[in-house]
Structures are given as C-alpha cells and as structure tokens.
Amino acid sequence: MTSADLSVDSPNLLVGKPLDEPENEPREECGVFGVWAPGEDVAKLSYYGLYALQHRGQEAAGIAVSDGSQVLVFKDLGLVSQVFDEQTLGAMPGHVAVGHCRYSTSGSVTWENAQPIFRTTTAGTGIALGHNGNLVNFADLASRAREEGLISDRLQGNGTSDSDVVTALLAHKAADRTIEQAAMELLPTLKGAFCLTFMDEHTLYAARDPHGIRPLSLGRLDRGWVVASETAALDIVGAAFVRDIEPGELLAIDADGVRSSRFAAPEPKGCVFEYVYLARPDSVIGGRSVHSTRVEIGRRLAQEHPAEGDLVIPVPESGTPAAVGFAQGSGIPYGQGLMKNAYVGRTFIQPSQTIRQLGIRLKLNPLKEVIRGKRLVVVDDSIVRGNTQRALIRMLREAGALEIHVRIASPPVRWPCFYGIDFASPAELIANGVDAEDGILEGVRQAIGADSLGYISTEGMIAASEQPESRLCTACFTGKYPIKLPADNALGKHVLEGLLATAAGQPVDGDNANVSALSRP
C-alpha cells in the first residue's frame, strides 16, 4: 500500500476557514463512490464521480485503487480538484477503486481522518474503506478496538473517526475469514447511519445500514459496475442506474458478478432532509426526483402560507426549485433578485475582520433594478441560526424592497442530527432561541426582520417527497429519533479524541471536547 503522506505544510491544506462557517449551516458528512471495471480508467472515473458528490463534503478527498496485486491510496485535505491532478491519477492504474469526499461529523479535520481509510489484515491483504453517515455506538466500538489493540492510544498521528475504527475491526475480523464473511459479522454490530464502500485487491463492496438513512445506488457500466451516494454521480460517469442498494444489504462485486447478502432486516427511515437540501437536485432518491420534490414543496408552501407579493425570488441555489414551485402555486411571477458568487466557499486566505463583517455580501448581491419598489416573497430551503436570513433581509430593504415575506421549504429545525448531518447545537438553533409570546413563528419572524414568515408543515414536506411517512427520518424537525441514542457523553464529534485524552490523563477541552448536542429545547 502506498499513500500520500502529506504534512501540515502541504500546498493542498486549506488554511482558511469557510467564509460561511460562522453561520454553521447544515453540512453533510461525506460522499462515497466505488467502481469495479476492468479495462476502464477507474481512478479517473472515481475523480469525476467525486466531483459530482463534492457538495457532500469539502474538507478532504481520496481515492484507493487496486490492480489486483496491491491497494494504493492517495488522499489529502482539500477539494477534489485540489487533491488530484493528471499526473497523480495517471499513476493509479487498476480495475477496482473507492473514492471519498469528506465533511467531518466524527473525528477532527486531519490528514489521518481523510478517507479512504487503509488497513492491512494479518493475512497481508489490504482494505480501503469510505463511509457516509455517523455511528451512534462509536464509543462502544472504539473501546472494543482499543481493548483488542487495534487502534493507537496516541492522539496525534492516528485516525480518530468512526470510519477508522470500523476499518480496524473489519481488518481484524478478516484474519481467518474472507472480507465478505468478516463484513457479515461486523455490520450487524454497527448502530447508526452508514453507507460503506470498501475494497480489497480484487473486490468492491458496498453496504447500507438497516434504516437506509443515507442514499446509496448501484449503476451499470458497459464493462463494470458503480456504486455512489447519489444517482447524479452515476450520470456523470455514464453509468445506467440499476437500483438503490437496500437497507441492511451488502453487495460484493468481482469477476463473478454482483452478489447480494442481507446482514439485517430492513427498517427504512430515509433522511427527508436529503430531499429538502442535502442531495443534488438532479439526483433521484427512493424513486423520487429531488428537484421535483423541491418544486412540489414550493407549491404546497404557497397553499399553506400564501403571500401578497409582486415577485417570488429564491435564495440561490438551494432555494431555487421551491421558489419555482411557490410561483407556480401562487401565480406570483418568479424572478432572479439575487446574484450568487459561485466561487465563495473555502479559501486559502483567512478573511480579515472588515471582510467578515460584510458577511452575506460576499456570497449574494441584490439586483437592485429588479427588486426596487417590489413586495418580495423570498424562498429559502431552511433556517438554522437565522444569521443569513437576517443579513439578507437587511440587504434587500437597503436595495429598495417594499415588503419581504419569507417562506421556508422545511419545518423549523429544532433538534440535532446524529446520523450524518452537522447542524448547529440546539442552543444555537434560532427556532429554540426565540422568546415570543406568539410562539416560534412570530419569534423567528421578529428575529430576522421579515414582514411575514411561513414554514412548510412536516406533513406537506413528507407528502411532496411521495414517500410513506413511516419510511422517513424527520428527527431534526420532530425530535423522533428512529435509532436509539446512547448517553450524552457517548455522543459528539470528538468521541475517540476525548476517550484517548481521558485515558492519557490529559485535559479534554477545545477541539478534543466531547460536546453533546442532545439536550432538548
């Protein structure tokens, strides 16, 4: 196995924070991609597949490939386009590959925690694994791995994510059995959300948790097979969609074809927020177009919360389909009132305080001639802290808007997600922090400065998805968690760091703190 051992002074290391970090908008955990295709350039296919999944994680990216004799891994912190170049991809021949783009909800942002994670079995074979989701029994798994000597007790220089622990346990179990047999034994012990793509020298594997919280799809190439977090990635590499990988299913793909095994009975609870915000609009989840769902949410939003306005405008880009639907449902003309700078995101240059105070203007700027003198209906996908909406409304008023009616394409976000989305803590969520006699709606309206405010109902959102309510997870809106959660001190982004620091007698603070976000509002 070879990997890119890049130190902290690597040119690919992003030294600046995301410009929108203070907003703490919802962030996905990861995107996974896998391909088995002899005769194809699997490294480049993975590169383009990860490009299509870049929205699911921008902290790190990596690709593992095998030519049948060894597993080679290249990974680093940064965007897919920053981590890989033509020369690197050209040095990664093979017939099977696994790719990953990361946003961390478990473990710090370090090179060691970038994925795919690599481990060697006692038999001398390699395993490379990528993970999308979040395990709620991570503390128990980490303790088991430590007791068996599978992970180091050192905080520095080692992986500290749930994905690293899963890979270590999988490699350990494969000592006296096949990878497939080891996975069938390990997977039932994992609790939480997980879509896994992993490989050895010859075979590609894919597994989805029994609740199917995160999406994972299978596609067909002329000379092989592809698995990906979203169908949009299949489209990009020219793969035909075959089917969704079922909850509780393990696939193994090699020269003998595709083998399917069940490691748990399916109890579907797909994340409804994938339809609202997380997934690309051109993806299909559970047979339902994400774009069509968002447009239908907008139509229903217009019925539930009509507004007197002259123009419907979206907060681009995530609010655009719902704004189109709202315009269709209300009869109010749709227009483009905000221009988005597509190049604002992660930056190599730390913004100065002066620039930071400009806030939303770095990302959005009003078209004054369009909105001046208009009563606006502004459609957005969600409100988390409210900072973006507050600044946006102030900016629109300064640009000459007469009235601003905000409509939101999801219910109030009031609970944290432990299944692979990194929300603000409950105390930071505006729907929990307002104090108004008239309730959440009026409190948030006053806080952001809108003339009126309306959220889609949970029932309306679910109906737009065309999925049975019983098959969806709505925990961030309702507080009803489909997978039992452990004690507060076993949850958080830095579970293993906290465990190792405590074992070493080190103070646990800052990034190593085990911060629980479970407290109910």
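Residues numbered from 1 in each chain as written. Predicted model: local features only at pLDDT ≥ 70, side-chain atom pairs only at ≥ 80, totals over all residues. Heavy atoms only, no water.

Draft legend 1. Examining the overall build of the chain more closely. Counting secondary structure elements, the chain contains 18 helices and 25 strands. In the chain, which comprises 521 residues, the proportion classed as buried is 58%. Sequence-distant contacts in the chain: of pairs separated by 6 or more residues, those separated by 24 or more amount to 71%. For the chain, the exposed area adds up to about 20,100 Å²; of that, 49% sits on carbon and sulfur atoms. (Helix = DSSP H or I, 4+ residues; strand = E, 2+ residues; numbered from the N terminus. Buried < 20%, exposed > 50% of the residue type's maximum accessible area, 1.4 Å probe, protein only. Contact = heavy atoms within 4.5 Å. Areas by Shrake-Rupley, 256 points an atom, 1.4 Å probe, with all protein chains shown as cover.)

Draft legend 2. Seen up close, the packing of aromatic side chains. The final tally for this structure, using the stated rule, is 10 aromatic pairs. With a centroid separation of 5.8 Å and an interplanar angle of 50°, the aromatic rings of F418 and Y481 are classed as tilted. Separated by 63 residues along the polypeptide, F418 in the loop between β22 (403-408) and β23 (421-422) and Y481 in the loop between α17 (475-478) and α18 (495-503) bring together distant segments of the chain. The burial state of F418 is the same as that of Y481; both residues are buried. An aromatic cluster of three or more residues is present, and its members are Y47, Y48, Y51, F74 and F84. Its guanidinium or amino end placed over the ring of W225, R220 lies 4.1 Å from that ring's centre, counting from NZ or CZ. (Phe/Tyr/Trp six-rings, centres within 6.5 Å; stacked < 30°, edge-to-face > 60°. Lys NZ or Arg CZ within 6 Å of the ring centre and 35° of its normal.)

Draft legend 3. Focus on the UniProt feature "binding site: Mg(2+)" (unreviewed entry) in the chain. Look at the UniProt record and you will see "binding site: Mg(2+)" (unreviewed entry) annotated at S318, D380 and D381. Of the residues just listed, which span 64 residues, no C-alpha pair is farther apart than 7.0 Å, and they cluster in one region. Note that D380 resides in strand β21 (residues 375-380). Apart from residues lying up to four places away in sequence, D380 is in contact with V315, S318, G319, Q389, R407, I408 and A409. Tracing the chain through its elements places D381 in the loop between β21 and α13 (387-398). D381 has contacts with V276, Y277, S318, G319, I408, A409 and S410, leaving out every residue within four places of it along the chain. A distance of 2.5 Å separates the side chain of D381 from the side chain of S318, its partner in a polar contact. (UniProt positions renumbered as here; feature names shortened; annotations may be inferred. Polar contact = N/O pair within 3.5 Å; in protein donor to acceptor, adjacent residues only side chain to side chain.)

Draft legend 4. Structural context of the pattern of salt bridges. Summed over the entire model, instances satisfying the criterion amount to 20 salt bridges. The partner of E86 in a salt bridge is K44, with the nearest N and O atoms 2.4 Å apart. Remark: K44 occurs in helix α1 (residues 42-52) and E86 occurs in helix α3 (residues 86-90); sequence separation between them is 42 residues. Exposure remark for E86: the relative accessible area of 55% places this residue in the exposed category. Residue classification places K44 among the partly exposed positions, given a relative accessible area of 25%. Close ionic contact of R280 with D282 constitutes a salt bridge, the shortest N to O distance being 2.6 Å. Connected through salt bridges with shared partners, the residues R56, R214, E230 and E274 form a single ionic network. (Salt bridge = Lys/Arg side-chain N within 4 Å of Asp/Glu carboxyl O.)

Draft legend 5. Highlighting the state of the cysteines. On inspection of all chains with the given rule, the structure shows zero disulfides. You can see C101 has no disulfide; the closest cysteine sulfur is in C30, sitting 7.1 Å from it. Under the relative-accessibility criterion, C101 is labelled buried at 0%. (Disulfide = S-S within 2.5 Å.)

Draft legend 6. Up close: the sheet that holds β21. If you walk across this open sheet you meet the four strands as β18-β21-β22-β24, and the pairing is parallel. Each edge of the open sheet is held by one strand with a lone partner, namely β18 (311-314) and β24 (452-455). The average undirected angle you get between the axes of adjacent strands in this sheet is 20°. Across four bridges, the pairing between β18 and β21 is parallel. When the bridges of β21 are listed, P314 appears paired with V379. Strands β18, β21 and β22 of the sheet are contacted by helix α10 (residues 320-330), whose axis makes an angle of about 165° with β18. (Pairing = 2+ DSSP bridges. Axes fitted to C-alpha atoms, helices over the stretch in contact; angles between N-to-C directions.)

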